[in-house]
Amino acid sequence: MIERRLKEIWEKLQGRKPYLPHFLSGICLDGIRGFDDLRIMFDYPVSVIVGGNTTGKSSVISAAACAYKVPGAGVRDFMPSTFFRDYRSKPGKRQDIREEVKIEFDYLTLDGPRSMRWRRTKNWNRSFFGRKNASQPEREVYLRRPSNLNSPVEVHGTLNTARLKSKPEETPLTAAEIEFAYRIFPVKYSEVVHISSEDKKLLFAVQESGAAYSELHMAAGERAILQLSQKITQLNGALVLIDEVEAGLHPSVQQSLMLNLQQLALRHDLQIIVTTHSPVVLDAVPPHGKIFLDRDDALGKVVVRPAYQDLIQNAVYGRSTGTLKLLCEDDIAEGILKGVFDLLLPQERIKWESVHIGCGTGASEFPTYASALAKFGQLQDTVFILDCDQRGGEVEGRIQEAAGRGVDISILFLPGDGTPENWVWDRLKHISDTEIQQLGIDRANLVNLMNQLDTLYDSVSESPAEIAKSKFRSLSESLHKKAAEICRIVARLEADQKESDIQPLVDNLLGILRQWRE
C-alpha cells in the first residue's frame, strides 16, 4: 500500500515543481575537503543523496545550508565560515591546507534562473556572476545533522531541565505536528508538550493508553521523529536538509517517514534533501530523485554517478546476494532472455525469484556498473548481455577493464548479426503455423502486415538500426502486444529448436545457471 502511495505522490510532486517559489537546482563544490568541481543537480523536490563513506554526502548538505539568507538567523548561522572551518593551531605544526574554495548555487525562481557563488581566498565573499544589485535569495532553511540527535551538550542540557525547581513553560505540539508523528509511528498520543526554561528544552508525551514520559525515556527514533515533527510541519516554501535521515529508525518507519516527507513537501511547497546509507530510503524516491556519489579510484576524486538501475542498486546494498543477475540493454533484450529462461528454469528446477534481469540502460553504462559491482564484490554472480551488434566493439573491453585485471566476468551476446529487433523480425517470418497462434494472428495476416511494414519503412531515411526498432514497435502495436512479450514468445520457441542460432546463448546461460547453483 505504501509503495502504491509513493508512486502516486511522485507524479504529483514532480508536477508541482515548476510552480515552487524557490528551488535549489544545483550545487558545485570546488576545493572543499579535496572535492574537485563536484557538481550535483537536483531535479525532484525530495532528493536522496547516497554513497560510501568519505564521498561528501554531509559536505553537500552543509553547502546547501549556505544557499539562502535565512530570515531571523544569527550572523554566523548558515554561513560557509561556520560549516567549513580550518584547523590552524598556532603552537602546533599541524594545520589544514588553506586552498581557494568555491561553492556555486543555481536557483530556479518564478522570475527565472539565478546563480550565486561563495568564494574563499583569505575571507569568504559572495558574487552573483555579474548581475548588478543582486542579493542572496531569502528562504527558510531547516538543517538536522546527526550531532543534533545525540550531542552530549544537548543531553546534558536536557538532564538539567529535569532538575529545575521553578515551573517551566509548556507549549503543546499542534495537531499537525502530532499527526505527522502518528502517521509514522503506531503510537497514539493524547498530548505532546514542549517543556522549556531559559535555553533548556525537552519533550513530554502522553499516550492514549495512559503512559506518560519525557524524552529522557524515549527511544532514539521516537525522539527524532517528534523533534522533526515540531520543526518542519509549520514550514512553508522552506529548504529542509536532513543528514542521515534513517538514524535510529526501523526500515518500515524509514519508508513511512519518506512517504510523509513527500506528502508534506507537496502540501507546503518544501524542497527536501536528505542523505542516507539505507536502501529503504533510496527506494522511496523516483530515479530522478536519487543522487549517487562515488569515489573514482582512477581519477582520485568524488564524482556523481548516473542513477543506478535497480539491479545494480540492490547489488551495491547487498540485497541481491544469492541471486543470479543479468544486465541487458533494453526491454527487447529482456524479453529474449525471459523467453530462454522460460525453457531453462523449469528444466533445471530453479525458481524465477532466483534470477534478476535488469534493463533500461545503454551498453555505454555497462563499464560504470561493472566498476560498482566489482567494488562491492558482486561481479561473480552477474552476467552482462550485449546486443549482437556490439560483438567485437569496444564496450566488451571497457567492461573487462572496469572489472579489473584477472577478474573472470561473463559477457554474452544476443543472437543474430544486427539488432535484436532484426533477429526477432527474421524469426517471425519462419515461425510455424502452430506457433503463430501464440501471437493471436494467422499466418496470412501476419505475412501481409509484415510486408506492408517492410514496404513502408523501405523509404525511411534513418539508420538501419533505428528503422528496425521503429518497424518492430509498429508491428507490436498492430498485434496489440508489448514488443518485449513478442520477443519472449519467439525466444522461447527458438530456444527449444536445437538448430536455431540462439543455441550458443542458451548453452552459455545453461552452463552459468548450473555453475551458479553449485
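Here goes a summary of the coordinates provided. (Residues numbered from 1 in each chain as written. Predicted model: local features only at pLDDT ≥ 70, side-chain atom pairs only at ≥ 80, totals over all residues. Heavy atoms only, no water.)

## Focus on the pattern of salt bridges
Step number 1: A full pass over the atoms with the stated rule returns 25 salt bridges.
Step number 2: R16 is the salt-bridge partner of D269, the closest N and O atoms lying 2.9 Å from each other. Taken as a pair, D269 in the loop between α8 (251–268) and β13 (271–276) and R16 in helix α1 (residues 2–16) lie far apart in primary sequence, 253 residues in all.
Step number 3: Exposure remark for D269: the relative accessible area of 16% places this residue in the buried category.
Step number 4: R16 gets classed as partly exposed once you look at its relative accessible area, which sits at 29%.
Step number 5: Here E334 ties to K338 by a salt bridge, and the two come within 3.4 Å at their closest N and O atoms. You can see E334 and its partner K338 sitting in helix α11 (residues 331–348), four residues apart, about one turn around the helix.
Step number 6: Its relative accessible area of 26% is what places K338 among the partly exposed residues. (Salt bridge = Lys/Arg side-chain N within 4 Å of Asp/Glu carboxyl O. Helix = DSSP H or I, 4+ residues; strand = E, 2+ residues; numbered from the N terminus. Buried < 20%, exposed > 50% of the residue type's maximum accessible area, 1.4 Å probe, protein only.)

## Some points on the sheet that holds strand β17 (residues 355–358)
Step number 1: Read from one edge to the other, the open sheet built from four strands follows the order β17-β16-β18-β19, with strand pairing classed as parallel. Lying at the two open borders of the sheet, with one neighbouring strand each, are β17 and β19 (410–413). In this sheet, adjacent strand axes meet at a mean angle of 25° when their direction is disregarded.
Step number 2: Note: strand β18 (residues 382–386) against β19, four bridges, orientation parallel. Residue pairing across strands places V383 opposite S410, the latter belonging to β19. (Pairing = 2+ DSSP bridges. Axes fitted to C-alpha atoms, helices over the stretch in contact; angles between N-to-C directions.)

## Quick look at the nonpolar core
Proteins that are soluble and globular tend to have nonpolar side chains buried together.
Step number 1: In terms of nonpolar packing, the biggest core is built from 50 residues, with L326, V424, L428, L439, F472, L475 and L509 touching the most fellow members.
Step number 2: When neighbours within four sequence positions are excluded, L509 is seen to be in contact with L326, L337, V340, F341, L344 and L412.
Step number 3: Residues V50, M218, A265 and A284 belong to the second largest nonpolar core, which totals 47 residues. (Core = buried A, V, L, I, M, F, W, Y, C linked by side-chain atoms within 4.5 Å. Contact = heavy atoms within 4.5 Å.)

## What about the sheet that holds strand β12 (residues 239–242)?
Step number 1: Read from one edge of the open sheet, six strands run β7-β12-β13-β3-β14-β15, paired in mixed fashion. Looking along the sheet, the strands with just one partner apiece sit at the ends: β7 (141–144) and β15 (301–305). Ignoring strand direction, the axes of neighbouring strands in this sheet form an average angle of 15°.
Step number 2: Bridge analysis of β12 against β13 gives four bridges, and the strand direction is parallel.

## Re the packing of α11 against helix α17 (residues 483–495)
Step number 1: Running from N to C, α11 and α17 point in directions that differ by 35°, and their axes come no closer than 7 Å. Crossing hand, α11 versus α17: right-handed. Between α11 and α17, the contacting residues are D331, I332, G335, I336, K338, G339, V340, D342 and L343 on the first element and A483, A484, C487, R488, A491, R492 and A495 on the second.
Step number 2: Taken together, the residues that form the contact of α11 with α17 break down as nine nonpolar, two polar and five charged. (Left-handed = near helix turned anticlockwise from the far one by under 90°. Nonpolar A, V, L, I, M, F, W, Y, C, P; charged D, E, K, R; others polar.)

## What to know about the packing of α11 against helix α18 (residues 503–517)
Step number 1: Taken N-terminus to C-terminus, the directions of α11 and α18 make an angle of 50°; their axes are 11 Å apart at the nearest point. Considering their axes alone, α11 and α18 lie oblique with respect to each other. The hand of the α11/α18 crossing is right-handed. Between α11, through L337, V340, F341, L344, L345, Q347 and E348, and α18, the contact on the second element is made entirely by L505, V506, L509, L510, L513, R514 and R517.
Step number 2: Tallied by class, the residues present in the contact of α11 with α18 amount to ten nonpolar, one polar and three charged. (Parallel < 35°, antiparallel > 145°, perpendicular 65-115°, else oblique.)

## With respect to the packing of aromatic side chains
One pair of aromatic rings is described through two measures. These are the centre distance and the angle between the planes.
Step number 1: Applying the stated rule across the entire model yields five aromatic pairs.
Step number 2: The interplanar angle of 80° and the centroid separation of 6.5 Å between the aromatic rings of W118 and W124 together place this pair among those described as edge-to-face.
Step number 3: Its relative accessible area of 2% is what places W118 among the buried residues.
Step number 4: Judged by relative accessible area, which is 19%, W124 ranks as buried.
Step number 5: The lysine or arginine in question, K471, covers the ring of W425, its NZ or CZ lying 4.6 Å from the ring centre. (Phe/Tyr/Trp six-rings, centres within 6.5 Å; stacked < 30°, edge-to-face > 60°. Lys NZ or Arg CZ within 6 Å of the ring centre and 35° of its normal.)

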